[in-house]
Protein chains: 4
Amino acid sequence: MKCLWNEEDILTHAHFEPSLLKTAHTLRVGVFGATGYTGQLLIELLREHPHVRLQFATSERETALEDGTPLIPADSAPLDSVDAVFLCLPNGVSGSVAARAVAAGVRVIDLSADLRLESAALYEQTYKMPHPAPQLLPAPYGLPEITRAALHNALYIANPGCHVTAVLLALYPLARAGALSAAPIIADTKTGVSGAGREPKPESMFCEVYGDVKPYNIGRKHRHVPEIEQMLHKLQPDCGSLIFAPHLVPLDIGLLATVYATLKPEWTLERAYAEYQAAYNAEPLITLHPLGRAARIREAAHQNGAVVGVSEGQGNTLILTCAIDNLRKGASAQALQNFNIMFGLPETIGLL
Amino acid sequence: MKCLWNEEDILTHAHFEPSLLKTAHTLRVGVFGATGYTGQLLIELLREHPHVRLQFATSERETALEDGTPLIPADSAPLDSVDAVFLCLPNGVSGSVAARAVAAGVRVIDLSADLRLESAALYEQTYKMPHPAPQLLPAPYGLPEITRAALHNALYIANPGCHVTAVLLALYPLARAGALSAAPIIADTKTGVSGAGREPKPESMFCEVYGDVKPYNIGRKHRHVPEIEQMLHKLQPDCGSLIFAPHLVPLDIGLLATVYATLKPEWTLERAYAEYQAAYNAEPLITLHPLGRAARIREAAHQNGAVVGVSEGQGNTLILTCAIDNLRKGASAQALQNFNIMFGLPETIGLL
Amino acid sequence: MKCLWNEEDILTHAHFEPSLLKTAHTLRVGVFGATGYTGQLLIELLREHPHVRLQFATSERETALEDGTPLIPADSAPLDSVDAVFLCLPNGVSGSVAARAVAAGVRVIDLSADLRLESAALYEQTYKMPHPAPQLLPAPYGLPEITRAALHNALYIANPGCHVTAVLLALYPLARAGALSAAPIIADTKTGVSGAGREPKPESMFCEVYGDVKPYNIGRKHRHVPEIEQMLHKLQPDCGSLIFAPHLVPLDIGLLATVYATLKPEWTLERAYAEYQAAYNAEPLITLHPLGRAARIREAAHQNGAVVGVSEGQGNTLILTCAIDNLRKGASAQALQNFNIMFGLPETIGLL
Amino acid sequence: MKCLWNEEDILTHAHFEPSLLKTAHTLRVGVFGATGYTGQLLIELLREHPHVRLQFATSERETALEDGTPLIPADSAPLDSVDAVFLCLPNGVSGSVAARAVAAGVRVIDLSADLRLESAALYEQTYKMPHPAPQLLPAPYGLPEITRAALHNALYIANPGCHVTAVLLALYPLARAGALSAAPIIADTKTGVSGAGREPKPESMFCEVYGDVKPYNIGRKHRHVPEIEQMLHKLQPDCGSLIFAPHLVPLDIGLLATVYATLKPEWTLERAYAEYQAAYNAEPLITLHPLGRAARIREAAHQNGAVVGVSEGQGNTLILTCAIDNLRKGASAQALQNFNIMFGLPETIGLL
């Protein structure tokens, strides 16, 4: 499939003409795994998207969404009726469906972890199962503010998770500039409960979360550590390794990453901040706070973009904050952003 | 005033005979500033204490507590009727009352910040006002697990605040052993709203806190930084400096400090953990988790003690967690613990 | 000022042509009291409204909103620069500004209580102060689903409060049909904290609300009782009187009214439900649930409309539920709905 | 087993001599179903009870509680080792274990619904299953403030649920006095999530409850309706029938019943309140508010008793409020209260 609009539209945003789009043809999409939090929100976003028609949505257990959208089993999904599919499926399952769709000439945005790591071996070590579609690796990685160039016309895209998105957006300008010292990078994240998914689990029950703040899988144990480091080391091979400490907080949505990073000796706070301005000032979905103002969850909740703050720590150590809505920029809205880029649509259509 | 019970009681705990205490005389106390969260909780705790009689409680605005306790203005408080006073007063006011009480031969537990810093100059720089009672400096610092020896028979005690208590308890065994490297120590704390006091303020309103996690005064800006460093550098003069990032979370009570500290090269995780066991295994108000298990707020909320966890970070960097109830071990319960020690009572009377 | 679009547009909705509106002139508005929750939200809604230009916003204490909107003192507001003003001012103040604006030929939507009661005497008895603008009474009452006919071309409109909106929407179809018996009508409401406004008050502090459900001003004490009864008795003079029991719940936004109403003996549940269908099925901002399904807050929070449920109680007593967003359909969105009607715009512009 | 202490102790409370109890023998108990919220809390309470030794606790899935208490399967529980058992088992299962225990001469406090309804037929209609132990019906009903006389030396006791406890305590003084008219009694309850148990269920997930207030099973549908009416009609056969509307609120614990009841014409508010004073002033676990002050959840959460308020509604209709901790006075603390009465212990031992 060729790009429907030329790339200048995307670069300029300003001169884009909605009326032209209206007369262009509509993209037909399907959603696999429509009943989880990300699937439901994705469908909401797709319904508001002016150039998308939802052809099908799947679920193995339910037959309709609350709003009446009919659901079909994944096996019955007519891949030949769509231009693209979004996969909100469990790890291990999603990759197989991705492979099937790609083989059928259907574009794929995979919200699972299956295509995020570039090496099947690392996947197997991290997720403790064989990779379901090693032939698709390495996949274009869909964090547009970092990897946009690789996403135009991509046939499939691995959509990053919420913690990874927030931590990488907090660090990207420094890593891109090679400014990080070899000292460990510390990412202390605070996440709402929806990040754990809609499946009933003891640790997601109201009474288990209410009144608590709980660190979990801290240190190097969380499965997102290799994913974050994969990107960081690609951006700056000599940066320090990651210490990652997620905390569950009593919120439904929202994620804040507080990242402590040490600059190389020749860097100053001001020079570092200039890198953030260079990286983010033109980004439509990133709000960069003035130097010294930290991001907070409220600023990003229910929003499709991210908020980034750069604050002084002590000496050469900075405190970087990034707030996102874990289900939006941390999942479904980013998936739509990737979709827009993939098809050459203006990047923020349906998102602003 | 002499110690009412001999010191062995305190050391042994076990052989303490409640019935003896019952026949001994009761300590008469007063509470200045009874209507704030710490004052109210302190009065609750004092009412359950078998050797205390509350003689008066003060407030400038209210005339009785909800439970009927009458309140008098501070100026009318009969200092000559009590053995000790607890000061839950604003910074700047509390120190003057402390000086007056000490001059009258009444023992003082000061819950404000006035007596916490050892130097009046540092106080003035930190709190932007003249010190109200420089003649009392340096005051015995009431974090018993660290400073117990200085508290027996003390005439007055500076009671530390909640963030400071949690961060210092997380670091104490390492600092005492000289194990900390010169790298910055990072303390990322998550605190409930009651830490901001009972005074109506825009940032403590329900709608401002609900649904948010908010970093505030991060880096070196918070007034507790000098207080934490004062103790750390006393314990280990060559340790790194502090980066302190408090976060407000939507809880009424509870505080979690997640502290990232780097060991000197010759230290291992196991050796470090052994220091925690040595420091805390016999402490009646500290629960030390097995190595690798992090503390969470739920474990400490509504409890008078602290919960400490030691987890692996990466390389020589550890993740130390300390959860407390900010109003109890972070304020009023610790004040009572200090009172017990000051008067030679068994340390945990009224607290376990 | 004449109506800019003819009334058929409003009646049909369907044939309305946005492009025509675009070429028509824009309505210029001002907001008095822009820093409270309702003022802020109203400005957000106005910014998205395609036919509105915000000319000024006032505050006596702040000089700009967070988004940069400049704020001026009310006294400096150029009334001659606007077609209409929205008043988000305190009771007692708002009425005076309304009178001034009306005198200047500017249309008024008053979100305060000043114009809601039809009699100055009842106002004085209820609000314990003289009425600031008795010459404006009785004012058109802006609950469009009930009073729409009186609002077209109205020069000023009294915008009802949140409790009143929910209780009246729950009862309207029955009262209109004369179906209510003379037994007392019981309205048990559950409201989020933003209903108490943005002013810091002890009872709106996080720690006072968290973990609690609190009845307040129950029985006949709440100032909204006369406002609700004024409308009910107009709709059905022989209906029972109101028992009103508001409860504060730990939510930022949202309001649920659970209303217990007894039908006259000749009425059945089914006949009653048919009245709800007749009243609400064509209403663009009301969602009527199938008979037996109750409304819940989640369905209405962050939405501009109301959700209504009709359930069986026992015998001739029904349980009626109405959920709204207290700041939207309970305040600012309803104000915009009234504005749209007042100026002959399609009623849901900027709201759906 | 005979009563260990004479009844006067219970009636007077004051002259009870703890030291005598200490030398008396200890009661040995077992808990069936120790891992749910009520089982866990019950074990906590039992551990603090001075005359109880916990002999065993059962679970079919777990082998130890968090505090290390070993758990055994119910089938292995040595009934011959205990004086009494507490049953925190599912409906349908609990009754069978109760029958087995009673047959073995072991006293039973059953926290399930199995023994609450007096008729097996009504049970089958309500719970849609055969009654597991009809030979035990009718069982002494353990709401001590109402039924105390029937509980001394009872061999088994049906422990009421949380909604029932709150609604009946709100109405008891009126029903006992025959003051209720024949008009429907409306009970609008607001309950925390722990009432739904510890089992993971979609509707108890954090993200489903957060930000919502949800009516459920309203009208006559809830299974507690027959249980409440059974007692009400026993107290006052000519009282009105019940309309019951439970609402789930975003709290972990706590329950508020707001009850609207109409008095017979000859009754006044003051006379009604006098009945509350007569019924509750001497009750150690009931706090009766002054006339006109409503109960709120905060007053009862984490407490073992109930708080009751009587407020004016309109005309002859009163607003009665009762707040309890749903897991304490609504379950486990009441079970212990019943146990104390059953064995002739002072009623509030372990509870105040």
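Residues numbered from 1 in each chain as written. Chains lettered and ligands numbered in written order. Predicted model: local features only at pLDDT ≥ 70, side-chain atom pairs only at ≥ 80, totals over all residues.

A look at unusual backbone geometry
Backbone torsion omega between leucine 137 of chain B and proline 138 of chain B reads -10°, so that peptide bond is classified as cis. If you trace the backbone, proline 138 of chain B turns up in the loop between helix H5 (120–127) and helix H6 (144–147). Phi at asparagine 217 of chain A takes a positive value of approximately 50°, unusual for a residue other than glycine. With respect to the element layout, asparagine 217 of chain A can be found in the loop between strand S7 (214–215) and helix H9 (225–235). Phi at asparagine 153 of chain C takes a positive value of approximately 65°, unusual for a residue other than glycine. As for its position among the elements, asparagine 153 of chain C is in the loop between helix H6 (144–147) and strand S5 (156–158). Given 15 C-beta atoms within 10 Å, asparagine 153 of chain C falls into the partly exposed group. (Helix = DSSP H or I, 4+ residues; strand = E, 2+ residues; numbered from the N terminus. Buried ≥ 20, exposed ≤ 12 C-beta atoms within 10 Å, placed from the backbone.)

Examining the sheet that holds strand S5 (residues 156–158) of chain A
What holds strands together in a sheet is hydrogen bonding between their backbones, with the strands either parallel or antiparallel. Residue and element names in this part refer to chain A. The five strands lie next to each other as S2-S1-S3-S4-S5, forming an open sheet whose pairing is parallel. Edge strands, defined here as strands with exactly one partner in the open sheet, are strand S2 (52–57) and S5. The mean inter-strand angle of the sheet, taken between neighbouring strand axes irrespective of direction, is 20°. Where strand S1 (residues 27–32) meets strand S3 (residues 84–87), four bridges bridge the pair, whose relative direction is parallel. Bridge pairing in S3 links valine 29 to alanine 84. Packing of helix H3 (residues 37–48) onto the sheet brings it into contact with S1, S2 and S3, and relative to S2 it is tilted by some 145°. Across the sheet, helix H4 (residues 94–103) lies against S1, S3, strand S4 (107–110) and S5, angled at about 165° from S4, the strand it touches most. (Pairing = 2+ DSSP bridges. Axes fitted to C-alpha atoms, helices over the stretch in contact; angles between N-to-C directions. Contact = placed C-beta atoms within 7 Å.)

With respect to the relation of the copies chain B and chain A
When chain B is fitted to chain A, the residual RMSD is 0.0 Å, and the transformation amounts to a turn of 180° plus an axial shift of 0.0 Å. Considering both components of the superposition, the chain copies are consistent with a two-fold axis. Most of the interface of chain B is mirrored in chain A: 100% of its interface residues are interface residues there too. (Least-squares fit on C-alpha atoms with pLDDT ≥ 70 in both.)

Brief notes about the confidence of the model for chain A
Residues and elements named next belong to chain A. In this model, chain A carries a mean pLDDT of 93, and residues with pLDDT of at least 70 account for 93%. Low confidence marks residues 1–23, where pLDDT is under 50. Its contacts with residues over four positions away, or in another chain, come to 21 contacts. Our summary of model confidence lists the complex with pTM equal to 0.93 and ipTM equal to 0.92. (pLDDT = per-residue confidence, 0-100.)

Digging into the interface of chain B and chain A
Counting residues at the interface gives 36 residues for chain B, matched by 36 residues for chain A. Per element, the largest residue contribution to the side of chain B that touches chain A is four residues, and it comes from strand S11 (residues 306–314) of chain B.

Some words on the sheet that holds strand S12 (residues 317–324) of chain A
Residue and element names in this part refer to chain A. Judged by pairing direction, the sheet is mixed, and its seven strands sit side by side in the order S7-S8-S6-S9-S12-S11-S10 without closing on themselves. Because the sheet does not close on itself, it has two edges, and the strands there are S7 and strand S10 (286–288). Its contacts with the sheet put helix H10 (residues 269–280) on S10, strand S11 (306–314) and S12, and the angle it makes with S11 is roughly 175°.

Observations concerning the pairing of strand S11 (residues 306–314) of chain C
Residue and element names in this part refer to chain C. Of all nine residues in S11, eight are buried; the element is thus mostly enclosed. The pairing of strand S10 (residues 286–288) with S11 spans three bridges and is parallel. What sits directly across from isoleucine 286, in S11, is alanine 306. Linkage of S11 to strand S12 (residues 317–324), two consecutive antiparallel strands, is achieved through a turn of two residues, within which glycine 315 is found at a positive phi near 55°.

Some details on the pairing of strand S8 (residues 242–248) of chain B
Residues and elements named next belong to chain B. Burial of S8 is extensive: seven of the seven residues sit out of reach of the surface. The side-chain alternation of S8 yields two buried faces, one formed by Leu242, Phe244, Pro246 and Leu248 and the other by Ile243, Ala245 and His247. Relative to S8, strand S6 (residues 185–191) runs parallel, the two sharing seven bridges. Residue pairing in the sheet places threonine 189 in a bridge with proline 246 of S8. Pairing geometry for strand S7 (residues 214–215) and S8, over two bridges, is antiparallel. Within the sheet, the bridge partner assigned to lysine 214 lies in S8 and is leucine 248.

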